[in-house]
Amino acid sequence: MPTEARPSTGEQAKQHALTQLRQAILHGDMAPAQRLVENELAEQFGVTRASIRAALIDLESQGLVERIRNRGSRVRVVTVDEAVAITECRMVLEGLCAAKAAVAASDEQLSELTDLGTAMTKSVAGGEPVTYSDLNHELHVRIREFSDQRTAQELLERLNAQLVRHRFQLALRPGRPQQSLNEHLTMIEAIRARDPQAAEAAVRAHLTSVIEALRD
């Protein structure tokens, strides 16, 4: 947003700061445990400290920021144990979404999943783990959207936001994309077959594999 059009105070300013901070954390521009200094962020985003503080409170409720007594705020560090616990919750919710998508998705949406699977296969063959990670994320998002289960979508958006660092680390682990690819292709095949039980089972198998990889 151009400086002259950027709101400096009020709800719009808070939302602007919230959006920018959230994107920076999710894209890895702000590392886990990095301090978030209100004065610096206010200057960077052209808003007041009050707007930054309000945005940080929202991000804390989303599990992305932690506020430490007498020390200010920092990007929250998600431990492996927490990542495993979050993934266990994802297993239930994403399994539900996959089962519903198998029934509710249109033929056009099923074709979109096939296209994502093709792109994922090419990225693995081409040795592009970061591209694969992005496509992996996109596939999960699309399955959630196609399920038309809004409550599960909202819960998963919050849970998945906390796992960004671990997702990238797994994508860069040698051999992991190849294993993950086969699991995702099985998910796509089950949804395309309009088999809700198989779709849910495929998601659970994939996320069980993710948990095992997190613990390695």
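Remember, predicted model here, so these are calculated numbers, not experimental data. (Residues numbered from 1 in each chain as written. Predicted model: local features only at pLDDT ≥ 70, side-chain atom pairs only at ≥ 80, totals over all residues. Heavy atoms only, no water.)

Colleague: Which residues make up the pairing of strand 3 (residues 72-75), and what are the values?
Modeller: Pairing of strand 1 (residues 35-36) with strand 3 involves 2 bridges; the strand directions are antiparallel. What sits directly across from R35, in strand 3, is R74. Two elements, strand 2 (residues 65-68) and strand 3, share 4 bridges in a ladder whose sense is antiparallel. Opposite V65, over in strand 3, you have V75 as the bridge partner. Two successive antiparallel strands, strand 2 and strand 3, enclose a turn made up of 3 residues, where N70 displays a positive phi of approximately 65 degrees. (Pairing = 2+ DSSP bridges. Helix = DSSP H or I, 4+ residues; strand = E, 2+ residues; numbered from the N terminus.)

Colleague: Give a description of the layout of surface pockets that names residues and reports values.
Modeller: Empty space left among the atoms is revealed by rolling a probe the size of a water molecule over them. Estimates place the volume of the largest pocket at around 780 Å³. As for the largest pocket, its lining consists of 36 residues, and the residues nearest its centre are H137, N160, A161, V164 and R167. Those elements that provide at least two residues to the lining of the largest pocket are helix 1 (10-26), helix 4 (80-104), helix 6 (129-147), helix 7 (150-161), helix 8 (164-171), helix 9 (176-192) and helix 10 (196-215). Here the lining of the largest pocket takes 8 residues from helix 6, the largest share from any one element. When the residues that make up the lining of the largest pocket are grouped by side-chain class, the tally is 16 nonpolar, 11 polar and 9 charged. Each pocket or cavity is described by its volume, and for the second largest pocket that value is around 260 Å³. Taken together, 18 residues line the second largest pocket, and the ones lying closest to its centre are I25, M30, P32, V164 and R165. In terms of residue count, helix 8 provides more of the lining of the second largest pocket than any other element does, 4 residues in total. (1 Å grid on protein atoms, 1.4 Å probe; cavity = no way out; pocket = protein on both sides within 12 Å on 5 of 7 lines; lining within 4 Å. Points joined across faces, edges and corners; volume = space filled by probe spheres on them. Nonpolar A, V, L, I, M, F, W, Y, C, P; charged D, E, K, R; others polar.)

Colleague: With reference to specific residues and values, describe unusual backbone geometry.
Modeller: Where the residue is not glycine, phi is negative for most of them; where a peptide bond is considered, it is trans in most cases. Although it is not a glycine, D148 sits at a positive phi angle of roughly 60 degrees. Along the chain, the position of D148 falls in the loop between helix 6 and helix 7. Backbone geometry places R194, a non-glycine residue, at a positive phi of 55 degrees. R194 gets classed as partly exposed once you look at its relative accessible area, which sits at 34%. (Buried < 20%, exposed > 50% of the residue type's maximum accessible area, 1.4 Å probe, protein only.)

Colleague: So what's going on with the side chain of R144? Residues and values would help.
Modeller: If you trace the backbone, R144 turns up in helix 6. In this structure, R144 is buried with no salt-bridge partner, the nearest side chain bearing the opposite charge being E94 at 4.0 Å. Residues in contact with R144, not counting those within four places in the same chain, are E94, C97, Q149, Q153, L156, E157 and N160. (Lys, Arg positive; Asp, Glu negative; His and termini not counted. Salt bridge = Lys/Arg side-chain N within 4 Å of Asp/Glu carboxyl O. Contact = heavy atoms within 4.5 Å.)

Colleague: Could you give me a rundown of the pattern of salt bridges, with the residues and numbers involved?
Modeller: Tallying each qualifying case throughout the model produces 13 salt bridges. In this structure, the salt-bridge partner of R76 is E82, at a minimum N-O distance of 2.7 Å. Classification of E82 as partly exposed rests on a relative accessible area of 28%. Salt-bridge contacts for E138 lead to R142; the nearest nitrogen and oxygen are separated by 2.7 Å. Of this pair, E138 and R142 both sit in helix 6, 4 residues apart, which is roughly one turn of the helix. E138 gets classed as partly exposed once you look at its relative accessible area, which sits at 27%.

Any functional reading would require information that these geometric values do not contain.
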